[in-house]
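Examining the three-dimensional arrangement
The residues making up each chain are set out below.
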Amino acid sequence: MSEFRSGFVCLVGRPNTGKSTLTNALVGAKVAITANQPQTTRHTIRGIVHRPDFQIVLVDTPGLHRPRTLLGKRLNDLVRDTYSQVDVVGLCIPADENIGPGDRWIYEQIREIAPRTTFVVIVTKIDKVAKERVAEQLIAVHELVGDTAAEIIPVSATRGDQVDVLTDVLAALLPPGPAFYPDGELTDEPEETLMAELIREAALEGVRDELPHSLAVVIEDVENREGRDDLIDVRAILYVERDSHKGIVIGKGGARLKEVGTVARVQIEKLLGTKVYLDLRVKIAKNWQRDPKQLGRLGF
């Protein structure tokens, strides 16, 4: 690759197939939320991979799924818009699960919406299974996509296996062109969006399945502490839909919310490069996922 290449790559797949973890491994920093449960990425976060001869702009979408609420439908529309506007679509299929109807449905969506977009399949989580199982999954993927995929690449984002190979493959598929972002930028998301995502990730960790989509975080206020240049006050509200959800987030005697604050604060301090005082409150916004007005107010 002699001339500089640049372009947009969209990672897609059903929920919990390792898209966000892979984005972070490719970029080398934490930009997408990675909680251990499906349906946690909300915004189109762009991670940026810089090298002397190419720049890959990664678009991390929510998992495409059959929508049950207005929010689910809006998230799906966002994914579909993204498909048709990028240079490469990468379909993530995990090595530790059989290919199912969800994977087939997403593959069909990609072929239907973006038939001319370059398409690759990334077999994720290869560290979780034996080599024989990886081989079986590669064969199964080939049976699903045939010759429509430019490449099929197995990777482990958590262990770093084949991440460099994937980076080179993606770069080679991009068109020649200038860098879209200055060197050193990792994402074009505003800091407040990233802060909200980090708080949301901490709040979702280890919580049962009923919470993912019914938790929204809004950053109310960010300001320097008066008389100090080494401390920033961040105030955030966690919105849930029901009293029962509020109890889950806060925990017994407020213990869980305190733990959420501690975990999120460490990540936000890394992001901002300064000490942070984090003030978290939990409020109820009934059925916000189905209410267009509330969706708008919460940033969707």
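Placed above this text is the structure.
Residues numbered from 1 in each chain as written. Predicted model: local features only at pLDDT ≥ 70, side-chain atom pairs only at ≥ 80, totals over all residues. Heavy atoms only, no water.

Attention now moves to the overall build of the chain. Of the regular secondary structure elements, the chain holds 9 helices and 9 strands. Burial analysis of the chain (300 residues in total) assigns 52% to the buried set. Expressed as a percentage of contacts within the chain between residues at least 6 apart in sequence, the contacts between residues at least 24 apart total 71%. Per element, the accessible surface of the chain, about 14,100 Å² overall, is 48% carbon and sulfur. (Helix = DSSP H or I, 4+ residues; strand = E, 2+ residues; numbered from the N terminus. Buried < 20%, exposed > 50% of the residue type's maximum accessible area, 1.4 Å probe, protein only. Contact = heavy atoms within 4.5 Å. Areas by Shrake-Rupley, 256 points an atom, 1.4 Å probe, with all protein chains shown as cover.)

This next bit is on helix α6 (residues 191-204). Since one α-helical turn is 3.6 residues long, residues separated by three or four positions face the same way. For α6, with 14 residues, the first-to-last C-alpha span of 20 Å sits near the 20 Å given by 1.5 Å per residue. Summarising burial for α6: 12 of the 14 residues are buried, a large majority. For α6, the full list of buried residues reads Thr193, Leu194, Met195, Ala196, Glu197, Leu198, Ile199, Arg200, Glu201, Ala202, Ala203 and Leu204. (Expected span 1.5 Å × (residues − 1).)

Attention now goes to the pairing of strand β7 (residues 215-224). Inspection of the sheet shows β7 paired to strand β8 (residues 231-240) by 9 bridges, in the antiparallel sense. Bridge pairing in β8 places Glu223 opposite Asp233. Joining the antiparallel neighbours β7 and β8 is a turn of 6 residues, in which Gly227 adopts a positive phi near 80°. (Pairing = 2+ DSSP bridges.)

Pairing is mixed across the open sheet formed by 3 strands, whose spatial order is β7-β8-β9. The open sheet terminates on both sides in strands that have one partner only, identified here as β7 and β9 (275-284). Going across the sheet, the axis of each strand differs from the next one's by a mean of 20°, ignoring polarity. Inspection of the sheet shows β8 paired to β9 by 10 bridges, in the parallel sense. Bridge pairing in β9 links Leu231 to Lys275. (Axes fitted to C-alpha atoms, helices over the stretch in contact; angles between N-to-C directions.)

Our focus in this paragraph is unusual backbone geometry. The phi dihedral of Lys125 falls on the positive side, at around 60°, and the residue is not glycine. Within the fold, Lys125 resides in the loop between β5 (118-124) and α4 (131-145). Relative accessible area serves as the criterion here: at 18%, Lys125 is assigned to the buried category.

What follows deals with the environment of Leu238. If you trace the backbone, Leu238 turns up in strand β8. On a C-alpha basis, the gap between Leu238 and Ile199 in space is 8.5 Å, while along the polypeptide they are 39 residues apart. When neighbours within four sequence positions are excluded, Leu238 is seen to be in contact with Ile199, Ala203, Leu215, Ala216, Val217, Val249, Leu280, Arg281, Val282 and Lys283.

This part takes up the nonpolar core. Counting 26 residues, the largest nonpolar core has Leu91, Phe119 and Val145 as the members making the most contacts within it. Put simply, the parts of the chain that give this core at least two residues each are β1 (5-12), β3 (54-60), β4 (88-94), α3 (101-113), β5 and α4. Beyond its immediate sequence surroundings of up to four residues, Val145 is in contact with Tyr107, Phe119, Val121 and Ile152. Counting residues in hydrophobic clusters, the runner-up holds 24 residues, among them Val234, Ala236, Leu278 and Leu280. (Core = buried A, V, L, I, M, F, W, Y, C linked by side-chain atoms within 4.5 Å.)

Our next topic: the packing of α6 against helix α8 (residues 255-272). Following both chains from N to C, one finds α6 and α8 inclined at 145°, their axes separated by 8 Å at the closest point. By crossing handedness, the relation of α6 to α8 is classed as right-handed. Note on element contacts: α8 touches α6 through Arg256, Val260, Val263, Ala264, Gln267, Ile268, Leu271 and Leu272, opposite Glu191, Leu194, Met195, Leu198, Ile199, Ala202, Ala203 and Leu204. Taken together, the residues that form the contact of α6 with α8 break down as 13 nonpolar, 1 polar and 2 charged. (Left-handed = near helix turned anticlockwise from the far one by under 90°. Nonpolar A, V, L, I, M, F, W, Y, C, P; charged D, E, K, R; others polar.)

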